[in-house]
Structure formats: structure tokens, C-alpha cells
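Breakdown of the fold
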Amino acid sequence: MPIHVLPDTLASQIAAGEVVERPASVVKELAENALDAGATEVNIVVEGAGRQLIRVSDNGSGIPAGEAPLAFQRHATSKISTVDDLNSIATLGFRGEALASIASVSRTHIISRIEGEASGVQLRFEGGKLLSQQMIGAPRGTVISVENLFFNVPARLKFLKTDTSERSHITRLVTRLALAWPQVRFRLHFDNRLVFQSSGSGNMDEVLLDVFGLDIARQLIAVPPTESPEGITVSGYISPPSLSRANRREITLFVNGRWIQDAKLNAAVTQAYHTLLMVGRYPIVVLLIDVPHGDVDVNVHPAKAEVRFRNPNAAFSAVERALRQVLVQRSPVPEFAPSQWQPPERDPGSLPPTWSSLLVPAEAAPLPFAPQPTRPDDSPIPPLPASEATQQPLPTPEIPLMRVIGQVGAAYIVAEGPDGLYLIDQHAAHERILFEVFMEQAQHQEIASQVLLQPVTVDVPPDAAAQLFDQIDTLKALGFEIEPFGPSTVKVRSLPAVLGNIDPARAVRVVIEDFEEDETPFESEREAKIVARVCKRAAVRAGQVLTTQEQAELVRQLERCDSPRTCPHGRPTMIHLSVDMLERQFGRKGAR
Ligand code: ADP
Ligand code: MG
């Protein structure tokens, strides 16, 4: 093929691919335009997860009728005009690409009117071509409707994720914008259902409540504005170490009002929590980072989701220091100082204290340090249903049959097998047992669920609510009877019996806590994930003293599991100290 210049429509479709990746990108560009136009109200209506319709209306400045067609040309913008302007961008947009890109991959329709003009202008585009233009009565501001996104780019359509996933991207985007723009009232509708709104009062506490829900919002700690020597100001809200997440999704960073993704700043946040959070846990963070305009380049990424700092290290330490200061003030970081450590006193000749004090003789009274002695009527390990226990032949166990010796530290069970000693993590082991029983019951649709005496309403964060609503059927099969009850409220009617008398709000949190970014499209995998979380919550804890019978029952049930060696999350349930290894350690073997 000879070299040739691509036709304009194809060129804009290619360019559009960089700006418009998915429905949420359209929402982002349109909402940012509204904010740049000084809007105080932004309404977003989404139908069919954004495939059918995305409509963003605002009460901003509007577009002069004569300029409206131009706004849809590539590289047409009212926000910058010279190369110097690139160094001091104070608006969210500046590339003049969004409207052209969006119009080229959809059927787009705009109505806009500015202050002082008698009527507004209306334009229709299809695949980037202007179909009609007319004057029309309209309130001040702009309404842009984007229908049939990607109708002419089937390849893109194919790459869209499930409706749930696309919707959750949109909700996350809108809630994040609301955090950065508390003085703007945002409203988001999915198929006629209001799923999120912020008050627009400018009060940050209110926005946090709107976005995270009461339960989380009241735990967040304010980071007062802290300025670094380089003039970088950091402020915002962060979670205490006691409140964490399994992924980084709740770390939200704004640089000069723009929501950005930055691995290095994420690392600065995690670094600030160093030793305060367990490995693999992440805080909830909303940070506003204000950098002098000349010190940050926002023109790095077509979707403007990344920025480049003139001095990345300064940004890193500004963030880390601001957070660390707040965290340390709240909870001084314990540091292990070897000089302060005194070996415990003990009678010469007695057993080392670790063993004499921690090994619980099975019948002994609960140790003083045990937080919750078990009551006989509340045995944490119910025996398996009689049918299974008696009728089925024992499966060939993957682990040998063991004799229970006792409990150590109210967390581990010591057992003896034919080849040495086993230390069993009681929590992990019980998780595994519950998981297998639960999955088995789920397969036969016989999960025991417990109806609440009275339905309970529970508030959940809006983005989790959307996902929860999509999984109502799966959850029902697992014993959770939950129905929508307002945009971010659910009504709980019943819970899986295995959770016992748990507070319904906590039960719902168990389900939604770690919804993954793109939760797997496979129903069965999703189900297993939820079950694993439920079992984690329901399993006996470390710190719980178990009776001899309970210990024996737990070990016996573990022996019957298909995969007894790991918990459903992959951690080991037991450590094996073989006779051979003990003999070596005691110098009886191979030491000569
Ligand atoms: P950019 O935002 O980078 O300038 P866009 O393609 O998003 O490029 O928009 C082009 C121009 O259209 C903007 O510069 C602005 O003048 C005008 N515009 C777009 N949306 C709005 C809106 N909601 N209100 C007022 N003006 C708008
Ligand atoms: Mg724009």
C-alpha cells in the first residue's frame, strides 16, 4: 500500500481511542467541561451502563451559539492559546480533544445557551458528522447527550466490561469529583435511579458522608493543610490504621483539583502507614495536593490522568510527611528497643516460660489473657450435620489422623500425628472447614439462612451499593436476603445462619468490603469469593479458648476437608514438625 494520509474521520476515531476508553471516560470529560464552565450543578444520567445514553447537564457559562460547531473540532479550545499557557494550566481541560473525540464515536446531541443570548443552540452529530443545527429555547448552561457510544467502533464495544463494572467506574469517578469539588452539587442517575448525590454546600464533612457513608466517614482523620519547603500543600482525609482495605482503590489523589493516578505518590501514602498496616492492606485516603502551576506538567496523558512533577521527590516527601505527622500524633509508632527488653524472671530449673504459661492443659480454666472464654451453650464449632458425619465414608484424608494435645496461645492447636507434631492455626483451619461445608451446601442449594425478626436497613457507600444491587441473586443463593432501599441503602431480611447473631450492618460489610475493581465475570468465582469472606468472619478467632472437645472436633473436621492444608485465602492452616526434624534439632541425629 502506498503511503497516504488517513481520512479525517478515521484519524479522529484513532485519536478518540486515547481519550474515550469506556463510558466513564465520557462522563469524566463532560463533567470536567462543566466544572471548567463554572457550573455549580452537574447532573449525570446514564442508561444501559453508558452504552445507550450518557447525558451531562450543567448550569455553567454555556457556549456561544456561533462557536458551538467549532467546539466539536479537534484541537479547538477556549482554555489556552499560546505555548506559554501550557505552563500554567488552571482548567481541567486544555487539549480541545474531548468533544471531537466523543462525537466521532457516538451519536451526540448538544443544547447550550450563554447568559445574554435570547435562545440556545442545538447541534446533532453522528459519528462526528454534523447533521443539524438550529436555535432553541433553553436555560443557561449546557446539556450534552451521548447515545450509542462506540456504535461505529465495534472493536471498542467488545472490550467493555460487564455492566456492573462499567457502572462502578462511573460511580467512582463521580464520587471522586464530588470530593474534589465540594461546592458543586453532583447528581448521578442509573436508569432512572438516583445512585449518588452530593449537597454542593461546600462542607467537606458532608461530602465525605455522601461518598463513604456514615460508618466510614466518621472514622476518617483530617489532614490539616501542610506546606512543604517546595511550596507543595497537602490536605485531606485519611483512615486510621484500624480501617483498611485489601487494595489501593481507595487511595484518591488530586493534584490541583485533577484526579490523577501516580504510582509514586501511592507509594508515599503506603510508606506513611509503614508498620501501622499489615502487608497487603491499604488505607482509605483522599488527598488534595496543591502544586505551583509551573512545577507540574499536566500535558502527559491524553486522558490527563497522569501528571509529571518537576521535582517528584519533593512531592513524594510532602505527601509522606503530611500523613505520617497526623498518624504518629494519633498513635505513636511502637518501636522495639532491645535495651528495654528484660528476660522474664523464672525459677531456675523450671520450664521455659513460653511453654509453661502458654500450653493450655485441655481441662484448665481459661487463661487470664483470653479475651472471650467460650460458653458451653455457644460452642463455636458446631458438629457437622448428622447425615454427613455418619453416613458418608471418610474420604481418604490428605493429612494423617491426629491426636489433639492442647492449645497454645489460645490460637494454635497442638496435635500429634504418626510423623511428629502439627501446629494448627485454629482460625485458618476453621475458615477452611466452613468454606467447604458452605460451598457444598451452596451446590445443593441448601444453605441455612436465618430470617431477622425485623428487616434492618443498612447504609452503604454508593459505589459499593451499585455492585451489591447487581449481585442480589447470587447473595440470595448464599443466604443473604437483601433488597435495594434507596440509592445507597439496603434492607436486610435474612443472613446465612453460619454468621450467627452478627449485626446486619457488619454482615453487609463483610460482603462488600473487598469488591474487586473488575470483579470476575464468573458467577461461581464471585460466589466463592463472597463465601470465603463470610467464612473468615464466622470462623473462630485467634484468642478464643477452645475446650478439648472443640479442639478435637475442629481437627476431625479439618481431616475431612478436601484441601485441609490451606485456608480459602491461601494461607497455611498448619505447620508440621516432623520427628526427623525434632531429632535433628535436639542433636540426636546427624549432629556428629
Ligand atoms: P477542552 O476542554 O480541552 O477545551 P473540549 O473538547 O472538552 O476541549 O471542549 C471544547 C470547548 O468547548 C471548551 O474549550 C469549551 O470552550 C467548550 N465547552 C465544552 N463543554 C462545555 C460546557 N459544558 N460548558 C461551556 N463550554 C463548554
Ligand atoms: Mg474538555
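First, a word on what this report is: a plain description of the structure on this page. On a predicted model such as this, the values are computed, not experimentally measured, just so you know. (Residues numbered from 1 in each chain as written. Chains lettered and ligands numbered in written order. Predicted model: local features only at pLDDT ≥ 70, side-chain atom pairs only at ≥ 80, totals over all residues. Heavy atoms only, no water.)

Looking at the overall build of the chain
The condition is simple: Numbering of helices and strands starts at the N terminus; helices are DSSP runs of H or I of at least 4 residues and strands are runs of E of at least 2. Throughout, exposure labels follow a simple rule: accessible area from a 1.4 Å probe, protein chains only, divided by the maximum for the residue type, with under 20% read as buried, over 50% as exposed, and the rest as partly exposed. By definition in these notes, contact holds between two residues if any of their heavy atoms fall within 4.5 Å. Here the accessible surface of atoms and residues is derived via Shrake-Rupley with a 1.4 Å probe, and residues count as covered only by protein chains that are part of the display.
Per the secondary structure count, the chain includes 19 helices and 23 strands. Taking all 592 residues of the chain together, the buried fraction comes to 46%. Put simply, 69% of the contacts in the chain that link residues at least 6 apart link residues at least 24 apart. Total accessible area computed for the chain in this model is approximately 29500 Å², and 53% of it derives from carbon and sulfur atoms.

As for helix α13 (residues 426-443)
Threshold: A helix is expected to span 1.5 Å multiplied by its residue count minus one. In protein, a polar contact requires one atom able to donate a hydrogen and another able to accept it; more generally it is a pair of N or O atoms within 3.5 Å, and residues adjacent in sequence count only if both atoms are side-chain atoms.
Under the 1.5 Å per step criterion, the end-to-end length of α13 is 26 Å for 18 residues, consistent within 8% with the ideal 26 Å. Most of α13 is tucked away: 15 of the 18 residues are buried. Between the side-chain oxygen of the N-cap and the backbone nitrogen of histidine 427 there are 3.0 Å, and the N-cap of α13 in question is aspartate 425. One or two steps after α13, the chain reaches glutamine 445, where phi turns positive at roughly 50°.

Here's the deal with the packing of aromatic side chains
Filter applied, for reference: Pairing of aromatic side chains requires ring centres within 6.5 Å, counting the rings of Phe and Tyr and the six-membered ring of Trp. Pairs whose planes differ by under 30 degrees are stacked, by over 60 edge-to-face, and all others tilted. Comment: the charge-over-ring label is applied if NZ (Lys) or CZ (Arg) is within 6 Å of the ring centre and within 35 degrees of the ring normal.
Throughout the structure, instances matching the rule amount to one aromatic pair. Residue placement shows arginine 107 over the ring face of phenylalanine 151; its charged tip is 4.1 Å from the ring centre.

What to know about the site of ligand 1
Cut-off, in case you're wondering: Here a residue is near a molecule or strand as soon as one of its heavy atoms is found within 4 Å of it. Each residue gets one label: Ala, Val, Leu, Ile, Met, Phe, Trp, Tyr, Cys and Pro are nonpolar, Asp, Glu, Lys and Arg are charged, and the others, such as Gly, are polar.
In the neighbourhood of ligand 1, 19 residues make up the surrounding shell, with Asn33, Thr77, Ser78, Lys79 and Gly96 lying closest. At 2.5 Å from an oxygen atom of ligand 1 is found a side-chain nitrogen or oxygen belonging to serine 78. Backbone polar atom of alanine 98 to an oxygen atom of ligand 1: 3.2 Å apart, as the coordinates give it. Contact with the protein chains hides 93% of the accessible area of ligand 1, taken as 530 Å² for the molecule alone. For the shell around ligand 1, the secondary structure elements donating two or more residues are α2 (23-36) and α4 (98-104). A per-class count over the shell around ligand 1 returns eight nonpolar, seven polar and four charged.

Remarks on the packing of helix α6 (residues 163-180) against helix α7 (residues 204-212)
Let me state the cut-off plainly: For every element, the axis is a line fit to its C-alpha atoms; helices are fit only across the contacting stretch, and the angle between N-to-C directions ranges from 0 to 180 degrees. If an angle is under 35 degrees, it is roughly parallel; if it is over 145, roughly antiparallel; if it lies from 65 to 115, roughly perpendicular; otherwise it is oblique.
The contact between α6 and α7 brings their axes to 9 Å, and the two run at 170°. Looking at the two axes, α6 sits roughly antiparallel to α7. On the side of α6, the interface is formed by Thr175, Arg176, Ala178 and Leu179, while α7 contributes Met204, Val207, Leu208, Val211 and Phe212. Tallied by class, the residues present in the contact of α6 with α7 amount to seven nonpolar, one polar and one charged.

Here we look at the pairing of strand β6 (residues 141-147)
Cut-off, in case you're wondering: Strands were regarded as paired on the criterion that DSSP finds at least two bridges between them.
Across the seven residues of β6, five count as buried, placing the element largely inside the fold. For strand β2 (residues 53-58) and β6, the ladder comprises six bridges, and the chain directions are antiparallel. Counted as the bridge partner of leucine 53 is glutamate 147 from β6. As judged from the seven bridges shared by strand β3 (residues 107-113) and β6, these two strands associate in the antiparallel manner. When the sheet's bridge partners are listed, isoleucine 111 is paired in β6 with valine 143.

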